[in-house]
Amino acid sequence: QVQLVESGGGLVQAGGSLRLSCAASGLTFSAYAMGWFRQAPGKEREFVTGISWSGGRTYYADSVKGRFTISRDNAKNTVYLQMNSLKPEDTAVYYCAADWSLSATVSSRPGAYEYWGQGTQVTVSS
């Protein structure tokens, strides 16, 4: 079965960095666009960033542009999220998700993604 397993979350001070990883299994990873979403308590799940199947296109929410970087290694079936200059408002559970797509575009809609990880908590203290 398909599994997406996130890791790398934790507690960090404002201004610090974290690197999240999402290891995929049970699917042809290179045929999927990958996205990172987050959900803070009492808020809806929101798109953070996404990357096309080839890694050639990346998209970012305005709130994280210039601070977060998404990348993927198709040989390792893994997608990464490098988060720098973290702010308290980045505190949330972060989820990776997979969308079967061989187009160059990446959807920001949660409903477009077929598979989801269990999430990893990121807490940024002020």
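In the block above lies the structure referred to throughout.
Here is what the cut-offs are and how they apply
Residues numbered from 1 in each chain as written. Predicted model: local features only at pLDDT ≥ 70, side-chain atom pairs only at ≥ 80, totals over all residues. Heavy atoms only, no water. Phe/Tyr/Trp six-rings, centres within 6.5 Å; stacked < 30°, edge-to-face > 60°. Helix = DSSP H or I, 4+ residues; strand = E, 2+ residues; numbered from the N terminus. Disulfide = S-S within 2.5 Å. Buried < 20%, exposed > 50% of the residue type's maximum accessible area, 1.4 Å probe, protein only. Salt bridge = Lys/Arg side-chain N within 4 Å of Asp/Glu carboxyl O. Patch = residues over 30% accessible without salt bridge, like charges linked within 9 Å, V, L, I, M, F, W, Y side chains within 5 Å. Areas by Shrake-Rupley, 256 points an atom, 1.4 Å probe, with all protein chains shown as cover. Pairing = 2+ DSSP bridges. Axes fitted to C-alpha atoms, helices over the stretch in contact; angles between N-to-C directions. Core = buried A, V, L, I, M, F, W, Y, C linked by side-chain atoms within 4.5 Å. Contact = heavy atoms within 4.5 Å.

Undergrad: Can you help me understand the packing of aromatic side chains in this one?
TA: Note on aromatic pairs: each is described by the distance of the centres and the angle between the planes. Taken as a whole, this structure holds six aromatic pairs when the rule is applied. Between Tyr32 and Tyr115 the ring centres are 6.1 Å apart and the planes differ by 55 degrees, which places this aromatic pair in the tilted class. In this pair, Tyr32 sits in strand β4 (residues 32-39) while Tyr115 sits in strand β10 (residues 115-116), placing the two residues 83 residues apart along the sequence. Chaining the aromatic ring pairs together yields one cluster made of Phe37, Phe47, Tyr95, Tyr113 and Trp116.

Undergrad: I would appreciate a short explanation of the state of the cysteines in the present structure.
TA: Covalent bonding between the sulfur atoms of two cysteines defines a disulfide. For the structure on display, the rule yields one disulfide. Each sulfur in the disulfide pair Cys22 and Cys96 lies 2.0 Å from the other. A torsion of 45 degrees about the S-S bond marks the disulfide between Cys22 and Cys96 as right-handed. Of the two residues, Cys22 is situated in strand β3 (residues 18-25) and Cys96 in strand β9 (residues 92-100); the sequence distance between them amounts to 74 residues. Summarising the burial analysis for this pair, Cys22 and Cys96 share the class buried.

Undergrad: Could you clarify how one ought to interpret the pattern of salt bridges in this entry?
TA: Side chains that differ in charge, positive against negative, can pair when their charged atoms come close. This structure, assessed with the given rule, holds four salt bridges. Two residues, Arg38 and Asp90, come together in a salt bridge whose shortest N-O distance is 2.9 Å. On the criterion of sequence distance, the pair formed by Arg38 in strand β4 and Asp90 in the loop between β8 (78-83) and β9 is long-range, its members being 52 residues apart. Exposure class is identical for Arg38 and Asp90. Each is buried. The salt bridge partner of Asp62 is Lys65, with a shortest N-O separation of 3.2 Å.

Undergrad: I'm lost on a nonpolar patch on the surface in this one. Help?
TA: There is a patch of nonpolar side chains on the surface, built from Trp53, Trp100 and Leu102 and spanning about 340 Å² of accessible area. Along the chain, the position of Leu102 falls in the loop between β9 and β10.

Undergrad: Where do I start with the sheet that holds β8 in this structure?
TA: The four strands are arranged β1-β3-β8-β7 in an open sheet whose pairing can be described as antiparallel. The sheet is open, and its two edges are formed by β1 (3-7) and β7 (68-73), each paired on a single side. With strand direction ignored, the average angle separating the axes of adjacent strands in the sheet is 15 degrees. In the sheet, β3 pairs with β8 via six bridges, with the strands oriented antiparallel. What sits directly across from Leu20, in β8, is Leu81.

Undergrad: What is the right way to look at the nonpolar core in this model?
TA: Side chains of nonpolar character tend, in soluble globular proteins, to be buried together. Counting 29 residues, the largest nonpolar core has Met34, Trp36, Phe68, Val79, Met83 and Tyr94 as the members making the most contacts within it. Among the secondary structure elements, those contributing two or more residues to this core are β3, β4, β5 (46-51), β7, β8, β9 and β11 (120-125). Apart from residues lying up to four places away in sequence, Phe68 is in contact with Arg38, Val48, Tyr60, Leu81, Gln82, Met83, Asn84, Leu86, Asp90 and Tyr94. Counting seven residues, the second-largest nonpolar core is a separate cluster that includes Ala33, Phe37, Phe47 and Val106.

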